[in-house]
Amino acid sequence: MADLNALVIENDYHLNTGFLSTPFLCAVLAEGGYVETAYRLLLQDTMPGWLYAVKKGATTIWETWDGHASLNHYSYGAICGWLFSGVCGIRLNQGKITIQPTPHASLKYARASYLSPVGEIVSAWRYEGEKVVYEIEIPSNGEALVLLPDGRQEHLSAGKYCLRMCDNL
């Protein structure tokens, strides 16, 4: 994992991966303890980087980083999976909900809503000074295991919740 982190840093936080590995890069880095690197890669706005096309006014996912081909391609847009499962931490496995967000001050806030087979799941977080505030919504008749970055675990039943923690990231 340290080698992957070093390669991303050496590449100045630009993508240099293939079609199959690009969607998993930020997730693998964050799960390996390199959250800072994952967020710098996510927020890279020069080519090749996910925000480059946004900065250039794109309204679709480009097939190439410079936009000189088809204007609708899945691989580079697959970072969206990590935005749901990593940044906001919404995970559903065999009907069981886990919320395990990965906040980072460089993004300031994030919110995701997933209309799942068990109902709508919402996970949001925002920085308020030195604290992170989490807003979580569990669908009716549901329950979730919430795993926060400070190690705290909460078992929540259906409803809306607001949790606060000190920023230790």
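A brief structural summary. Bear in mind that the values here come from a model prediction, so they are computed numbers and not experimental data.

This brings us to helix 6 (residues 79–87). Taken together, the buried positions of helix 6 are I79, W82, G86 and V87. Here the buried residues of helix 6 occupy an arc of 75° about the axis, which is enough to place them on one side. Among the residues trailing helix 6, G89 stands out with phi positive, at a value near 80°.

In total, this model carries 2 aromatic pairs according to the counting rule given. Between Y39 and W82 the ring centres are 5.5 Å apart and the planes differ by 65°, which places this aromatic pair in the edge-to-face class. Taken together, the positions of Y39 in helix 3 (residues 35–42) and W82 in helix 6 put the pair 43 residues apart, joining distant regions of the chain. Its relative accessible area of 0% is what places Y39 among the buried residues. Among the residues examined, W82 registers a relative accessible area of 3% and is labelled buried. Centroid distance W125 to Y127: 5.9 Å. Interplanar angle 90°. Geometry classified as edge-to-face.

A side chain with one charge can pair with a side chain of the opposite charge if their charged atoms come near. Enumeration over the complete set of coordinates arrives at 6 salt bridges. With a closest N to O distance of 2.5 Å, R126 and E135 form a salt bridge. Given a relative accessible area of 36%, E135 falls into the partly exposed group. Through salt bridges with shared partners, a single network forms among R126, E128, E135 and R164.

Quick look at the nonpolar core now. By size, the foremost hydrophobic cluster in this structure holds 35 residues, and its most contacted members are C26, L41, W82, I99, W125, Y134 and I136. Elements with a minimum of two residues in this core: helix 2 (25–31), helix 3, helix 6, strand 2 (96–99), strand 3 (109–116), strand 4 (119–128), strand 5 (131–147) and strand 6 (153–166). In terms of residue count, strand 5 provides more of this core than any other element does, 6 residues in total. If we skip the residues at most four places from it in the chain, L41 touches V8, Y13, H14, L15, L25, C26, L29 and W50.

Within an α-helix, residues lying three or four positions from one another point in the same direction, as the helix has 3.6 residues per turn. Three or more residues of helix 3 are buried, namely T37, A38, Y39, L41 and L42. On its buried face, helix 3 is in contact with helix 1 (2–10), helix 2, helix 4 (50–55), helix 6 and strand 4.

Moving on to the packing of helix 3 against helix 6. At a minimum axis separation of 12 Å, helix 3 and helix 6 run at an interaxial angle of 140°. By the angle class used here, helix 3 and helix 6 are oblique. Seen along the crossing, helix 3 lies across helix 6 with a hand that is left-handed. Contacts between helix 3 and helix 6 involve A38, Y39 and L42 from the first element and I79, W82, L83 and V87 from the second. Among the residues making up the contact of helix 3 with helix 6, the classes are represented as 7 nonpolar, no polar and no charged.

Turning our eyes to something else, we now look at unusual backbone geometry. Here M47 and P48 are connected by a cis peptide whose omega angle stands at -5°. Take P48: it is sitting in the loop between helix 3 and helix 4. For Y13, which is not glycine, the phi torsion reads 60° and is therefore positive. Residue position: Y13 is located in the loop between helix 1 and helix 2. Even without being a glycine, K108 presents a positive backbone phi close to 75°. Secondary-structure assignment places K108 in the loop between strand 2 and strand 3.

Rules and cut-offs
- Residues numbered from 1 in each chain as written.
- Predicted model: local features only at pLDDT ≥ 70, side-chain atom pairs only at ≥ 80, totals over all residues.
- Heavy atoms only, no water.
- Buried < 20%, exposed > 50% of the residue type's maximum accessible area, 1.4 Å probe, protein only.
- Helix = DSSP H or I, 4+ residues; strand = E, 2+ residues; numbered from the N terminus.
- Arc of directions from axis to C-beta.
- Phe/Tyr/Trp six-rings, centres within 6.5 Å; stacked < 30°, edge-to-face > 60°.
- Salt bridge = Lys/Arg side-chain N within 4 Å of Asp/Glu carboxyl O.
- Core = buried A, V, L, I, M, F, W, Y, C linked by side-chain atoms within 4.5 Å.
- Contact = heavy atoms within 4.5 Å.
- Axes fitted to C-alpha atoms, helices over the stretch in contact; angles between N-to-C directions.
- Parallel < 35°, antiparallel > 145°, perpendicular 65-115°, else oblique.
- Left-handed = near helix turned anticlockwise from the far one by under 90°.
- Nonpolar A, V, L, I, M, F, W, Y, C, P; charged D, E, K, R; others polar.

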